[in-house]
Amino acid sequence: MRKLDHTTIFFALMGSFLFFFVLIPIVNLMVSANPGIILNNIQDPSVMSALFLSIYAALAATIIALLFGVPLAYLLARNDFWGKGFVESVIDVPLVIPHTVSGIILLLVFNPGGIFGQPLSQIGLTFSDAIPGIIVAMLFASSSFVVNSSREGFESVDPRMEKVARTLGSGSLKTFFIITLPLSLRNVVVGSIMCWARAISEFGAIVILAYYPTTAPVLIYRRFVDFGLQESIPVAVLLISVCLVLFLIVRLLISGWKTYDKD
Amino acid sequence: MLIRIWREFEAMFLEVNNLSVDLGQFHLIDVNLGLEKEDYMVIIGPTGSGKSVLLETIAGFYRPQSGRIFLEGKDITHLTPEKRGISIIYQDYVLFPHMNVFENIAYGLKKRIEDKEVIESSVVDAAKRLKIDHLLDRNPETLSGGEKQRTAIARSLIVEPNLLLMDEPFSALDVNTHTYLTDLLKKAVSDYQTTCIHVSHNFNDVWSLAEQVAVMRDGEILQQGVVADVFSKPRHDFVADFVGVRNIFQGEVVGGSKGITDVEIDKNLILHSSDTYNTDFKEVIVVIRPENIIFSNQPFVSSIRNQLKGIVTEVVLIGPTVWVEVDVHGTSFKGIITPSSLDMLGIKKGNEIYLSFKSVNVKLIDND
Ligand SMILES: Nc1ncnc2c1ncn2[C@@H]1O[C@H](COP(=O)(O)OP(=O)(O)OP(=O)(O)O)[C@@H](O)[C@H]1O
Ligand SMILES: [Mg+2]
C-alpha cells in the first residue's frame, strides 16, 4: 500500500467533511421513515399521480431537450463562429439564476397573453397551471445538461474520423448518425439522465408557473406547509429513491460503458 | 465548346489550377499540380507549409477562394467530399473504433453494393492483398500500428478511389514496418490502379514510391516534377537546400562481380556500385551525392572504382562552397568543393578534369 503522508491525511480529513455532510442527512431521512407509512403512501393515489407526473413530464422535457439540444451541441463542438461564447453562456444561464426567477421569466412569456403563450393558446396549449407549463419549466432548468454533456462527447470524436467517412461516400448527416453519434452516445445518454433527474427535482420554476397539477416536489412542499415535517417525509423518501435509482444508472453507465479514446 | 474539346484531349487526370485557400492566418497560394492516371506523387516540405491543408482541400474539406480542381476532366471544385471519389489516409489511422476490421474495410462499399456476398469477397480480397485477412474479426484497438495502417489502406482502396491521398501514412511506424508497408502499398496501389498523392517527411518514400515529387513551402508549391529532375535540377534555392542536390541518373544493371554491380547510365558510361543486385538488366535509379565526388587534374592509382574524365561546364560560388558541374560524354555530374581546393586545382570552365567516387557512394534504387 502507498505510504500515507501528512498531506494526504490532512486532505482526507478535510475532504470527508463534505462527503458526510451530504451523506448523513440522506441516510437519516431514509432510516427515519416508517416503512408502514411509506407503504400507505404508495397506495395513496394523490402521491402516486404526483410522482408519475414528475417522472413523465421530466421525460417529455428530456426528449425535447435532446431533439433541440443535440444539434446545438454538435454545432458548438464543430464550429467556431462569431458570438459562440454568447450562445454558450445563454444555455448555461438557467443554472446560475434562482429557479423562482426562472418561473417568473417563464410566466411572463407563457401566460395566455405572453409572446409565446398567446400564439400557442391558439392551438389549444395552455401553460399556467397545466402540464405543458410543468414541462416548459423543467426544460428551461435542465436542458443545459443535455447540451453540455453531448457537446463534450462530440468534441472527443476526432473530426478526421468524420472526414474519412465522408470520403468513403457518407453524406454529412449520415456520418453524424453512423460515426459521431454512436461514439459519443455515452455522453448523450449521461446528459439526458442528468437532465431527467434534474427535471424531476424541479420545484422553484414549477411553483410559479404551474402549481397545479401537483408534481412530487410541490406535493412535499404542500404537506410540509399544511401538515408538518412528519407528513412530508414519506413522499420525500419515495422521490429521493427515484432520483437515486436514476443517478445509480448514470454512475453504472459512466463506469461500465466502453469508451473509445482517440489514439 | 473549344475549351471543352481541348480539355477532353489535353486535360491531365488530376489538375489543380491556381488554387488559393484562405484560412485567416494561413494561405494556400496559387497551387498548381498535375498528375496522370496511376501517377504517384510525394509532396515534401517543412512542417506548417500547408501539405495537410492542400490534401484536405483536394478532398473537399476547405472551400477554395479561387482556382479549380479537375479530376478525370470533371470540375470537382465545388463537389462535397462524398461525391469526389477521393480517399484519404491519415498518420494515426483513424479507424472507426466501434466497428471491427471487417466492418471498417467494408464501410465504403455498403453504399455502393447491396449484395452481402460481393461485399464479403471484396473485403477478403483487399485484406489478403494487405495481409490482414487473419484479423478481420478483431477490434481496431487490439491491432498494432502497422496492422491499423494496413486496415486503413484496405478501407480506402476497396472503394477504388480515383485518387488516394495519404498524409504521412508511415510516420508513426518503426523502420521495419515502414519498409514492409511501403512494399505492400506499392503493390496494392498498382493492383487497384490508383493515382496517389502522398505527403511525407521521409526521402526514402520519395525514392521508393514516387514518380513525381512536389516541394512545398509557406502554402506554395515551389517545384513539381519527375523525381530525378527535381532532385538534380532544383529551380529554387530552397528546394536545393531542402532536398539536397544529388546526381541522379536512370540506369540499367549490366553486370557485376564480388559485391560490385555495374550500371550503365548512358551509352558506354558504366558506374560501379557496391549496392548488390541479383537480377541482371534491372532498371535502377543511381544517386551520387555531390560531396562524394573527388576532383583531380590527373588520373591517379587508387582503390577507388569510379574514375571519369570530363570537361568543366560550370563553376558557381554558393556561400562557403563551390559547385562544379562536369560534362562526361554528354552526362552531367555535380560536385562540391571548397574555394581553396578550387584555387589549388585551378579549376576553370572548359578545363579537363578527372572525377573519382567510391563504389559505396553510388546508391542504387529499385525503379520497377
Ligand atoms: N482549419 C484551419 N484554420 C486555420 N489555420 C489552419 C487550419 N488548419 C491548418 N491551419 C494552419 O495552416 C498551416 C499549415 O498547416 P498544415 O497542417 O497543412 O501543415 P503541414 O505542412 O501539413 O505540416 P506538418 O508537416 O507539420 O503536418 C499551419 O500554420 C496551421 O496552423
Ligand atoms: Mg500535416
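Remember, it's a predicted structure, so these values are computed and weren't measured experimentally.

## Let's talk about the nonpolar core
Okay, step 1: The biggest cluster of nonpolar side chains holds 95 residues, and the ones touching the most others in it are B:L33, B:L54, B:I58, B:I105, B:L165, B:I197 and B:F231.
Okay, step 2: Setting aside residues no more than four positions away along its own chain, B:I197 makes contact with B:L14, B:L35, B:M41, B:I43, B:L55, B:I58, B:L163, B:L164, B:L165 and B:M166.
Okay, step 3: Among the nonpolar cores identified, the runner-up in size contains 42 residues, and A:L106, A:V136, A:A205 and A:L239 belong to it.

## Remarks on the sheet that holds strand β5 (residues 74-75) of chain B
Residue and element names in this part refer to chain B.
Okay, step 1: Spatially, four strands are ordered β2-β1-β4-β5 in an open sheet, and the strand pairing comes out antiparallel. The sheet is open, and its two borders are formed by β2 (27-35) and β5, each paired with just one other strand.
Okay, step 2: As defined by bridge partners, strand β4 (residues 66-71) adjoins β5 across two bridges and the pair is classed as antiparallel. Along β5, the bridge assignment pairs L71 with K74.
Okay, step 3: Against the sheet, helix α2 (residues 51-59) touches β1 (14-22), β2 and β4, its axis set at about 65 degrees to β2.

## As for the environment of B:L269
All names here are of chain B.
Okay, step 1: Checked against the element boundaries, L269 lands in strand β13 (residues 269-273).
Okay, step 2: By relative accessible area, L269 is classed as buried at 4%.
Okay, step 3: The residues contacting L269, other than those within four sequence positions of it, are V263, E264, L308, V328, T331 and F333.

## Focus: the packing of aromatic side chains
Okay, step 1: Summed over the entire model, instances satisfying the criterion amount to 14 aromatic pairs over all chains.
Okay, step 2: Both rings, one in A:F154 and one in A:F176, keep their centres 5.5 Å apart while their planes meet at 65 degrees; by these two values the pair is edge-to-face. Placement of the pair is A:F154 in helix α7 (residues 131-155) and A:F176 in helix α9 (residues 172-201), with a sequence separation of 22 residues. Of the two residues, A:F154 and A:F176, neither departs from the other in class, the shared state being buried.
Okay, step 3: One aromatic cluster is present, formed by A:Y74, A:F154, A:F176 and A:F177 through successive ring pairs.
Okay, step 4: Positioned above the aromatic ring of B:Y192, the side-chain terminus of B:R129 is 5.4 Å from the ring centre.

## Structural notes on the pattern of salt bridges
Okay, step 1: Enumeration according to the criterion identifies 16 salt bridges over all chains in this entry.
Okay, step 2: In this structure, A:R151 engages A:E88 in a salt bridge whose closest nitrogen and oxygen atoms are separated by 2.5 Å. Taken as a pair, A:R151 in helix α7 and A:E88 in helix α4 (residues 84-96) lie far apart in primary sequence, 63 residues in all.
Okay, step 3: For B:D92, the salt bridge identified is with A:R160, shortest N-O distance 2.6 Å.

Reading the values: rules and limits
- Residues numbered from 1 in each chain as written.
- Chains lettered and ligands numbered in written order.
- Predicted model: local features only at pLDDT ≥ 70, side-chain atom pairs only at ≥ 80, totals over all residues.
- Heavy atoms only, no water.
- Core = buried A, V, L, I, M, F, W, Y, C linked by side-chain atoms within 4.5 Å.
- Buried < 20%, exposed > 50% of the residue type's maximum accessible area, 1.4 Å probe, protein only.
- Contact = heavy atoms within 4.5 Å.
- Pairing = 2+ DSSP bridges.
- Helix = DSSP H or I, 4+ residues; strand = E, 2+ residues; numbered from the N terminus.
- Axes fitted to C-alpha atoms, helices over the stretch in contact; angles between N-to-C directions.
- Phe/Tyr/Trp six-rings, centres within 6.5 Å; stacked < 30°, edge-to-face > 60°.
- Lys NZ or Arg CZ within 6 Å of the ring centre and 35° of its normal.
- Salt bridge = Lys/Arg side-chain N within 4 Å of Asp/Glu carboxyl O.

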